[in-house]
Amino acid sequence: MGKLSSLIRAVTGKKRFTSAIILAAGSGRRFSDDRAKQFELVGGESVLVRSARAFEECELISEIIVVTREADIDGCRNILAQKGITKVTRVVAGGDTRQQSAKNGFDAVNPESEFVAIHDAARCLVTPEMIEAAMESAFVHGAAACAAKATDTIKKTDGADNITETVDRENCWLVQTPQIFMADMYRAAAYMAVKDKIDATDDCALCERLGFKVKLVDCGKTNMKITYPEDIIIAEAILRYREAVK
Ligand code: CTP
Ligand code: MG
């Protein structure tokens, strides 16, 4: 357990109740027309089970909510139980967009939950250490997200692929998941997004637009997302690299 959490527990004698929401209800259009990327194998274990196992093994996570397509609910529940993932409390159906799926997951968390960690199942190389670092940061700042510093130079364009601006790379990040928020903050952000008809591709954006600050935690490039078929090969190479340097 991280230093801050140990300290808080020592002082208050209390462990915070926290929820991980794992989003696996997408259709993976960029991956394949007929294979669901969340159930593909990476190094012999499915993308979803790998993601869930990282949260299972992180001491700072109390429960796991899995969001999946309606037809996969029973299958997911069974496979996660078979694989020894014991923290799953609910498996619920997702929505048409990632944001709707996150909202469905959030509505299923334990009402006592103080922090929610929203994670893309497709980001299956996340480690318990990365989750812990982001959780610790969220405990201090109220909201935090895993990210990697940009290593390429970033250009902005005018919509017709003409460069209009070179962005200072020093302050550029590629945001990842988990993204972690105080439950009350996320409740307000999700509610306002519905009210204002906003649909964003990540959860930080919902909080940023209300003026909440979100701290980024550098998790490097290996917290990658499976998007295209070739990403499976890259993910397996990263797993071999992690084994080699252990
Ligand atoms: N997701 C979800 N519900 C949706 C859309 C996406 O739960 N309606 C999940 C995906 O399963 C994935 C994560 O959100 O784990 C990140 O989304 P992305 O990588 O874009 O996955 P897909 O939307 O499935 O893929 P694509 O955009 O290529 O169709
Ligand atoms: Mg998508």
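Let us look at the structure shown here. Everything numeric in this text was worked out from a predicted model, so none of it was measured.

## Thoughts on the packing of aromatic side chains
According to the stated counting rule, one finds 3 aromatic pairs in the structure shown. Geometrically, the ring pair formed by Phe-106 and Tyr-186 is edge-to-face, given 5.1 Å between the ring centres and 65 degrees between the ring planes. Residue Phe-106 is located in helix 4 (residues 98-107), and its partner Tyr-186 is located in helix 6 (residues 183-195); the two are separated by 80 residues in the primary sequence. Taken together, the ring pairs connect Phe-106, Phe-181 and Tyr-186 into an aromatic cluster. Sitting over the face of the ring of Phe-139, Arg-16 holds its NZ or CZ atom 4.5 Å from the ring centroid.

## Some remarks on helix 5 (residues 128-141)
The first and last C-alpha atoms of helix 5 sit 20 Å apart over 14 residues, in line with the 20 Å expected at 1.5 Å per residue. If you check which residues of helix 5 are buried, you get Pro-128, Met-130, Ile-131, Ala-134, Met-135, Glu-136, Ser-137, Ala-138 and Phe-139.

## Concerning the site of ligand 1
Near ligand 1 you find 18 residues, and of these Leu-23, Gly-28, Arg-29, Ser-101 and Lys-225 are the closest. Residue Ala-25 places a main-chain N or O atom 2.9 Å away from an oxygen atom belonging to ligand 1. Asp-96 is positioned such that a nitrogen or oxygen atom in its backbone is 3.3 Å from a nitrogen atom of ligand 1. Sorting the residues of the shell around ligand 1 by element identifies strand 1 (18-24) and helix 4 as the ones contributing at least two each. Its residues assigned to classes, the shell around ligand 1 shows 5 nonpolar, 6 polar and 7 charged.

Conventions and cut-offs
Each chain carries its own residue numbering, running from 1 in the direction its sequence is written. Chain letters start at A and ligand numbers start at 1, both assigned in the order the entries are written. In keeping with the predicted nature of the model, local features appear solely for residues at pLDDT of at least 70, side-chain atom pairs appear and are counted solely at 80 or more, and the whole-chain, interface and lining totals rest on all residues. As a rule here, side-chain values come from all non-hydrogen atoms in the structure, and water together with hydrogens is ignored. Think of it this way: a Phe, Tyr or Trp ring, Trp meaning its six-membered ring, pairs with another when their centres are within 6.5 Å, and the plane angle makes it stacked under 30 degrees, edge-to-face over 60, tilted otherwise. Where helices and strands are cited, they refer to DSSP runs of H or I of at least four residues and of E of at least two residues respectively, numbered from the N terminus. For a ring to carry a charge above it, either NZ of a lysine or CZ of an arginine must fall within 6 Å of the ring centroid while also lying within 35 degrees of the normal to the ring plane. The span one expects for a helix is its residue count, reduced by one, times 1.5 Å. Residue burial is assigned from relative accessible area. The probe radius is 1.4 Å, only protein chains are included, and a residue is buried under 20% of its type maximum, exposed over 50%, and partly exposed in between. One heavy atom suffices: a residue is near a molecule or strand as soon as one of its heavy atoms comes within 4 Å of it. Here a polar contact is taken to be a pair of N or O atoms separated by no more than 3.5 Å, where protein atoms must pair a possible hydrogen donor with a possible acceptor and residues adjacent in sequence count only if both atoms sit in side chains. Ten residues, namely Ala, Val, Leu, Ile, Met, Phe, Trp, Tyr, Cys and Pro, are considered nonpolar, four, namely Asp, Glu, Lys and Arg, are considered charged, and the remaining ones, Gly among them, are considered polar.

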